[in-house]
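The chain contents come next:
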Amino acid sequence: MFAVDTLAIEGLGNRSYLAGGKHHAVVVDPPRDIDRVIAAAARRGVRIAYVAETHVHNDYVSGGLELARVTGAGYLVPARASVSFDRTPVADGDTLALDDGLVLRALATPGHTPHHTSYVVEDDGRPAAAFTGGSLLIGTVGRPDLVEPRLTEPLARAQYASAHRLADELDDAVPVLPTHGFGSFCSSSQAGGESTTIGRERVRNHALTEDVDTFVAETLAGLDDVPAYYAHMGPANAAGPAPVDLTPPHRAGPDEIAARLAAGEWVVDLRGRVAFAEGHLAGSFNFEADGSPATYLAWLIPWGKPVTLLGRSPEQIAAAQRELVRVGIDHPAAAASGGPAAWVRAGEETRSFRRATFAALATAGRRGAEPVVLDVRRNSERSRGFLAGSYHLPVHELHDGMDRVPPGTVWVHCASGMRAAIAASLLDAAGRAVVAVDDDFEAAVRAGLEVVRPH
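Conventions used here
- Residues numbered from 1 in each chain as written.
- Predicted model: local features only at pLDDT ≥ 70, side-chain atom pairs only at ≥ 80, totals over all residues.
- Heavy atoms only, no water.
- Axes fitted to C-alpha atoms, helices over the stretch in contact; angles between N-to-C directions.
- Helix = DSSP H or I, 4+ residues; strand = E, 2+ residues; numbered from the N terminus.
- Parallel < 35°, antiparallel > 145°, perpendicular 65-115°, else oblique.
- Left-handed = near helix turned anticlockwise from the far one by under 90°.
- Contact = heavy atoms within 4.5 Å.
- Nonpolar A, V, L, I, M, F, W, Y, C, P; charged D, E, K, R; others polar.
- Pairing = 2+ DSSP bridges.
- Polar contact = N/O pair within 3.5 Å; in protein donor to acceptor, adjacent residues only side chain to side chain.
- Buried < 20%, exposed > 50% of the residue type's maximum accessible area, 1.4 Å probe, protein only.
- Phe/Tyr/Trp six-rings, centres within 6.5 Å; stacked < 30°, edge-to-face > 60°.
- Right-handed = clockwise from strand over helix to strand, strands pointing away.
- Salt bridge = Lys/Arg side-chain N within 4 Å of Asp/Glu carboxyl O.

A.B. asks: Hey, could you go over the packing of helix 3 (residues 152-169) against helix 6 (residues 212-221) for me, with residue numbers and the actual values?
C.D. replies: The interhelical angle for the contact between helix 3 and helix 6, taken along N-to-C directions, is 125°, at an axis separation of 10 Å. With respect to their mutual orientation, helix 3 and helix 6 come out oblique. Considering the relative orientation of helix 3 and helix 6, their crossing is right-handed. Contacts between helix 3 and helix 6 involve T152, E153, A156, R157 and Y160 from the former and V212, D213, F215, V216 and L220 from the latter. Partitioning the contact of helix 3 with helix 6 into residue classes produces 6 nonpolar, 1 polar and 3 charged.

Next up, the structure:
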């Protein structure tokens, strides 16, 4: 009896898997917070026999080493991966008995990394599922540019060959279960869908429908910005991550929060962007808990800078702490829950700024001088259309590029409002007058604003 449990890591756009039979299972690409995986195995009543990494991850800290240690499982890592810990190296064609009638087979699928390896579970000799990591994804493939610039094109060509190998060796009905591709920046492009099979990918995945030169050219042209924190993930995983620590952080009062702000530490308000705009501590930054705080906070923060978390409840803080450890931001320096009234020192005022729509921006432009409009979307988004006369500075460049923002009240926008809220909080903390445009970018056309379409 073969079964798969999917563990979605929503904030990072990744998935991990618990797969096996009645008695034993393998965990593929586990997150760092391994308690979720252990709980899933307990619900199934199975022993974790193996923990398998498809590659040394560049976008999150793996829990594989710790999970193998805690459970006594064999730790499977591609043989060509350079790591500093004991593991069971796996090479192309290696097989391991998993459960009654179930065998785990390794397939070399380089492309996302040179050592990338996929795993196929065979049930009585027939492939039952392919765990493809960062190789064949839903409608796309893993990006080839995260290892070394000189390897990008060769890896793109290897990615093409690996996709074809999977399609050639596996039947159409075999489920494809990738780690990346659900919003992860490890995908070479974003494609929709929650599930797929080899047959579906054969007819819709550009790695399987285009010739190699076209595929490589399109893949390289479509590569997006790389989050800055990725530079720290690979080395951490190769060295062997420390065990996760999810103990609640020290609770800070108003005086300590003020002292941390004065020391230049990051004080992060996890509340929703509406509540933050209405009232917040001067100098604090808004990374709302429902808006992938791990990805954008890790991307923007100077690495190693102490973080204090402010949230509406201890539960919100705990959830954010869990997300942050997945990207190597371990144990916040302090935390406080409630609201600004509980965080501000006696006699001090909270700050606020205005939120608006694109229609309000259009009205402001007709009433007088042209507003300063700042677009904080990524380069790839801007290339598909932008507001005439707007300035461009991606949100991940804003903290260090504040001097590039023209003087005046800044109307800041993104594609939907979440990143605009982050940017507005950074501008507000720097003392700039700001209006956060909390609106869908497509509403700009309906509001009568001129949108330039470069292509």
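A.B. asks: Describe the sheet that holds strand 17 (residues 354-356), naming the residues involved and giving the relevant values.
C.D. replies: A sheet is described by the order of its strands in space; here 5 strands give the open sequence 17-22-21-18-20, paired in parallel fashion. Unpaired on one side and paired on the other, strand 17 and strand 20 (391-392) mark the two borders of the sheet. Across 2 bridges, the pairing between strand 18 (residues 372-375) and strand 20 is parallel. In the strand pairing of strand 20, D375 is matched with H392. The sheet contacts of helix 13 (residues 358-367) involve strand 17, strand 18, strand 21 (410-413) and strand 22 (434-437), and relative to strand 21 the element is tilted by about 150°. With respect to the sheet, helix 16 (residues 418-429) is in contact with strand 18, strand 21 and strand 22, its orientation differing from that of strand 21 by roughly 150°.

A.B. asks: I'd like a description of the side chain of H57, backed by residues and values.
C.D. replies: Relative to the helices and strands, H57 is located in the loop between strand 4 (47-52) and helix 2 (64-71). Polar contacts involving the side chain of H57 include one to the side chain of E53, which spans 2.9 Å. Not counting chain neighbours up to four residues away, the residues in contact with H57 comprise D29, S62, M233, G234 and N237.

A.B. asks: Give me the environment of T357: which residues, what numbers.
C.D. replies: Considering the arrangement of structural elements, one finds T357 in the loop between strand 17 and helix 13. On the basis of relative accessibility, which here comes to 34%, the residue T357 falls in the partly exposed class. Along the backbone, T357 and V226 are 131 residues apart, and their C-alpha atoms lie at a distance of 29 Å. Setting aside its immediate chain neighbours within four residues, T357 contacts V437 and D439.

A.B. asks: So, the packing of aromatic side chains: which residues are in play, and what are the values?
C.D. replies: In the structure shown here, the tally under the stated rule is 9 aromatic pairs. Considering the side-chain rings of F358 and F441, the 6.0 Å spacing of their centres and the 85° angle between planes classify their relative orientation as edge-to-face. Of this pair, F358 sits in helix 13 while F441 sits in the loop between strand 22 and helix 17 (443-446); the two residues are 83 residues apart in sequence, bridging distant segments of the chain. Both residues of the pair, F358 and F441, belong to the buried class.

A.B. asks: For the pairing of strand 11 (residues 175-178), give the residues involved together with the corresponding values.
C.D. replies: When a strand is regular, its side chains alternate between the sheet's two faces. Two strands pair when backbone bridges link them, and strand 10 (residues 126-133) and strand 11 are joined in this way by 3 bridges, in the parallel orientation. From the neighbouring strand, A130 faces strand 11, where its bridge partner is V176. For the segment spanning strand 10, helix 3 and strand 11, crossover handedness is right-handed. Pairing analysis gives 2 bridges linking strand 11 to strand 12 (residues 196-197), with the strands arranged antiparallel. When the sheet's bridge partners are listed, P175 is paired in strand 12 with T197.

A.B. asks: Give a detailed account of the pattern of salt bridges, specifying residues and quantitative values.
C.D. replies: By the definition in use, this model includes 33 salt bridges. R105 is paired through a salt bridge with E169; the nearest N and O atoms lie 3.7 Å apart. Of the two residues, R105 is situated in strand 8 (residues 102-108) and E169 in helix 3; the sequence distance between them amounts to 64 residues. Linking D213 and R157 is a salt bridge whose minimum nitrogen-to-oxygen distance equals 3.1 Å. Of this pair, D213 sits in helix 6 while R157 is found in helix 3, placing the two residues 56 residues apart along the sequence. By relative accessible area, which is 47% here, D213 ends up partly exposed. The class of R157 is partly exposed, set by a relative accessible area of 33%.

In short, shape yes, function no, at least from these values alone.
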